[in-house]
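Chain residues, written in single-letter form:
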Amino acid sequence: MQPIKRPKTNKTRSSKSPMETDTKRQTARMSSTVLKSKEPKPKPIHYSTLLFGKEGGVDGVRTLLVAAVRKERATKFDASEIDTICGLGNETPKSSKRLPSWAQIEKDSTLMTGFIFSLVTSLFDIRADSVLRIPQRVKNLSCGDYKSIVAEMETNGFGVIAAAGGNDLESIATDRQVVPYVVTRIFEEV
Amino acid sequence: MLSVADFTMACSTAREEAGKLSKDLDSSEFFDQDKDDKSGYARVIARLKHFIHRTCRGTLILHLTYDDVPGFASWLVRSGNGTGGIALYVTQMVKWAAKTKMPLHVQKIRSIIHELGHIKLSPHLLQNTLPPAPRQDVRRSPYASPFEEEMAWVFACAFMGFFLGDYSFNSRKDHARDDAPRFFI
C-alpha cells in the first residue's frame, strides 16, 4: 500500500503575531487589486484652479490673502513690525530659504506663500477658510467636482482627520473632512 | 497608563525637540508676559510655526473658523503620504476662552505642541495605512489611540516644562528673580 501523499505544508510556526500576518495578507490582497485594475489613474486635483479658476487660480488666492492681511494691519502695525514678530525678511531664523519682508509682499503679491500666510496669522485673527470663503466655494461646486474631491480623499487616504484621540471618533463622515482638507491643499499649492 | 519606558521616551523626544527650538526662540521670549500680550505671544506662535515647518516636512499650521466637529480644538489633516497640516479650530478655542478664561494664545500654543508630539511620536497618523470603510458614506480614520494621546500630552507638558526650567534658570541669572510659577503654560 502506497503512503498517502499529503500536500506540503509549512510546519514551522511563524513567530509573527496574527495581527501582523493579517496585515500582510491585507496588504498583499490590496496590492494585487491595484495591479489588476486597468483603470487610468485620475489626475491629481489642482485645488486653486478648481475653486479660484475665475479669479486667476493660485495668483488670485495670493492676491486675496495679501489684501486680507493689508486690511488688518493697516491700523495696527507697521510692515517692519510684522517682519520682526513673524520672522519675515532679515529676522528669519536659520532656514534654507530667506523669506521676503512684508513690505515686499505687499508690493508683489506673487511672493505670498501658504507658509507666510500661516506665520502672519499668528498676529492677526484671520482664519484661512473664512478669508477665502472655502466652505461656500465647496458648497457651490458641481456634484461631479465634489465627488472627485471625495474620491481623491478616499482613494489615497488623504484629508483624514487624525489624532482625534479615541475610537469614538473612529468614523467621521468624509463630508466633514472636505473643508479642512481643501484648505490644507490650497495653502500647500500657494 | 503609560509605562515608565514610554514616559521616558516621550520626555526624551520632547527634550530633544525643545533643545532644537531653543536655538531659535529664547525661553525668556516664550514666557515674557511683560511685553504687549498680543505681539509677544504672536512671536512665540510664529517661531513654533517656523520650527514645525522646517523640521516636519513643511507642515503648515492653519487657523480655521470651520467648526463642524465641535468639541475639538486641533487636528492633523493628511494631505500626502507622510505630510499634512495642523488645523487649529479657533472657533472652539474662543468658546472655551469665554467659558474658562483660558487665554486663546495659551490654547493655541498647547495645541500646536500637542500635535507636534503626535507627528514626532505617532508618524503613522500621516501615512497611508487606511483600513477599509465600514459603510459607504463613512470611512475609518486612523485615530490616535488613548495611549498615543497620553504620549502626545506628556510630550507637550515636558516640552513646555523644559522651556520653563530654562527660563527660570536664566531669569535667576539675569534678573536675580525666579518668577516661573506665574506663567500660564
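What counts, and where the lines are drawn
Residues numbered from 1 in each chain as written. Chains lettered and ligands numbered in written order. Predicted model: local features only at pLDDT ≥ 70, side-chain atom pairs only at ≥ 80, totals over all residues. Heavy atoms only, no water. Helix = DSSP H or I, 4+ residues; strand = E, 2+ residues; numbered from the N terminus. Contact = heavy atoms within 4.5 Å. Buried < 20%, exposed > 50% of the residue type's maximum accessible area, 1.4 Å probe, protein only. Areas by Shrake-Rupley, 256 points an atom, 1.4 Å probe, with all protein chains shown as cover. Phe/Tyr/Trp six-rings, centres within 6.5 Å; stacked < 30°, edge-to-face > 60°. pLDDT = per-residue confidence, 0-100. Salt bridge = Lys/Arg side-chain N within 4 Å of Asp/Glu carboxyl O. Pairing = 2+ DSSP bridges. Expected span 1.5 Å × (residues − 1). Axes fitted to C-alpha atoms, helices over the stretch in contact; angles between N-to-C directions. Parallel < 35°, antiparallel > 145°, perpendicular 65-115°, else oblique. Left-handed = near helix turned anticlockwise from the far one by under 90°. Nonpolar A, V, L, I, M, F, W, Y, C, P; charged D, E, K, R; others polar. Bend = angle between axes of the 7 residues up to and from the residue. Core = buried A, V, L, I, M, F, W, Y, C linked by side-chain atoms within 4.5 Å.

Examining the overall build of chain B
- If you tally the helices and strands in chain B, you get 6 helices and 4 strands.
- Secondary structure elements of chain B, listed N to C terminal, follow the sequence α-α-α-β-β-β-α-α-β-α.
- Contacts in chain B between residues at least 24 apart in sequence constitute 67% of all its contacts with a sequence separation of at least 6.

Description of the overall build of chain A
- Looking only at helices and strands, chain A features 10 helices and 2 strands.
- Burial statistics for chain A: of 190 residues in total, 44% are counted as buried.
- Long-range pairs, those at least 24 residues apart, make up 64% of the contacts in chain A with a sequence separation of at least 6.
- Split by element, the accessible area of chain A, about 11,700 Å² in all, is 53% carbon and sulfur.

Some thoughts on the packing of aromatic side chains
Residue and element names in this part refer to chain B.
- Under the counting rule described, the total for this entry stands at 8 aromatic pairs over all chains.
- Their ring planes at 85° and their centres at 6.1 Å tell us that Y66 and Y89 sit as a pair that is edge-to-face. One end of the pair, Y66, is in the loop between β1 (60-64) and β2 (74-80); the other, Y89, is in strand β3 (residues 83-89), and 23 residues separate them in sequence.
- Plain terms: the ring middles of W75 and Y89 are 6.3 Å apart, the flat faces sit at 55° to each other, and that makes the pair tilted. Taken together, the residues W75 in strand β2 and Y89 in strand β3 connect sequence positions 14 residues apart. For the pair formed by W75 and Y89, the shared burial category is buried.
- Through a chain of ring-to-ring contacts, the aromatic side chains of Y66, F72, W75 and Y89 assemble into a single cluster.

Side note on the confidence of the model for chain A
Residue and element names in this part refer to chain A.
- Averaged over every residue, the pLDDT of chain A is 78; the share at 70 or more is 68%.
- In the model of chain A, helix α1 (residues 18-36) stands out as the element of lowest mean pLDDT, 47, in contrast to helix α6 (residues 114-120), which has the highest, 95.
- A low-confidence stretch, residues 9-23 stays under pLDDT 50, and its non-local contacts, those more than four residues away or across chains, total 2 contacts.
- Here residues 26-35 is modelled with pLDDT under 50, and outside its nearest four sequence neighbours on either side it reaches 0 contacts, counting other chains as well.

As for the pattern of salt bridges
All names here are of chain A.
- Using the criterion set out here, one finds 9 salt bridges over all chains in the structure.
- Between D125 and R127 there is a salt bridge, with the nearest N and O atoms lying 2.8 Å from each other.
- Residue classification places D125 among the partly exposed residues on the basis of a relative accessible area of 47%.
- Here R185 makes a salt bridge to E152, at a shortest N to O gap of 3.4 Å. With a gap of 33 residues between them, R185 in helix α10 (residues 174-189) and E152 in helix α9 (residues 143-156) connect regions that are remote in the sequence. Pair check on accessibility: R185 and E152 agree, each one buried.
- Residues joined by salt bridges that share partners form a network here, namely R70, R73 and E106.

Comments concerning the pairing of β3(B)
Residue and element names in this part refer to chain B.
- Among the 7 residues that make up β3, 6 are buried, leaving the element largely enclosed by the rest of the structure.
- With 5 bridges connecting them, β1 and β3 associate as parallel partners. By the bridge assignment for β3, L62 is matched with A87.
- The pairing of β2 with β3 spans 6 bridges and is antiparallel. Each residue of the ladder has a partner; that of R78, found in β3, is G84.
- Hairpin connection between β2 and β3: a loop of 2 residues separates the two successive antiparallel strands, and G82 in this loop has a positive phi of roughly 85°.

Considerations on helix α5 (residues 104-121) of chain B
- In this model α5(B) runs 26 Å from its N-terminal to its C-terminal C-alpha over 18 residues, within 8% of the 26 Å that 1.5 Å per residue would give.
- Among the 18 residues of α5(B), 15 are classified as buried, and the element is accordingly described as predominantly covered.

Some details on the packing of helix α4 (residues 90-100) of chain B against α5(B)
Residue and element names in this part refer to chain B.
- Axis separation between α4 and α5 bottoms out at 9 Å; the angle between their running directions is 130°. Classified by the angle between their axes, α4 and α5 sit oblique to one another. Crossing handedness for the pair α4 and α5: right-handed. Touching V90, M93, V94, W96 and A97 of α4 are L104, Q107, K108 and S111, all from α5.
- Its residues assigned to classes, the contact of α4 with α5 shows 6 nonpolar, 2 polar and 1 charged.

Quick word on α10(A)
Residues and elements named next belong to chain A.
- Taking 1.5 Å as the rise per residue, α10 with 16 residues should run 22 Å; its terminal C-alpha atoms sit 22 Å apart, in good agreement.
- At P180, α10 shows its largest bend, some 25°.
- Buried residues dominate α10, accounting for 13 of its 16 residues.

Looking at the nonpolar core
- Membership of the largest hydrophobic core comes to 54 residues, with the highest contact counts inside it found for A:L88 and A:W102.
- Broken down by element, this core gets its largest block of residues, 7 residues, from α10(A).
- Setting aside residues no more than four positions away along its own chain, A:W102 makes contact with A:V66, A:V69, A:R70, A:R73, A:A79, A:I82, A:D83, A:L88, A:M112, A:I116 and A:V120.
- B:L76, B:I86, B:I119 and B:F183 belong to the second largest nonpolar core, which has 43 residues in total.

What to know about the pairing of β1(B)
- Burial analysis of β1(B) places 5 of its 5 residues in the buried class, the great majority of the element.
- The alternating pattern of β1(B) places B:L60, B:L62 and B:L64 and B:I61 and B:H63 on opposite faces, both of which are buried.

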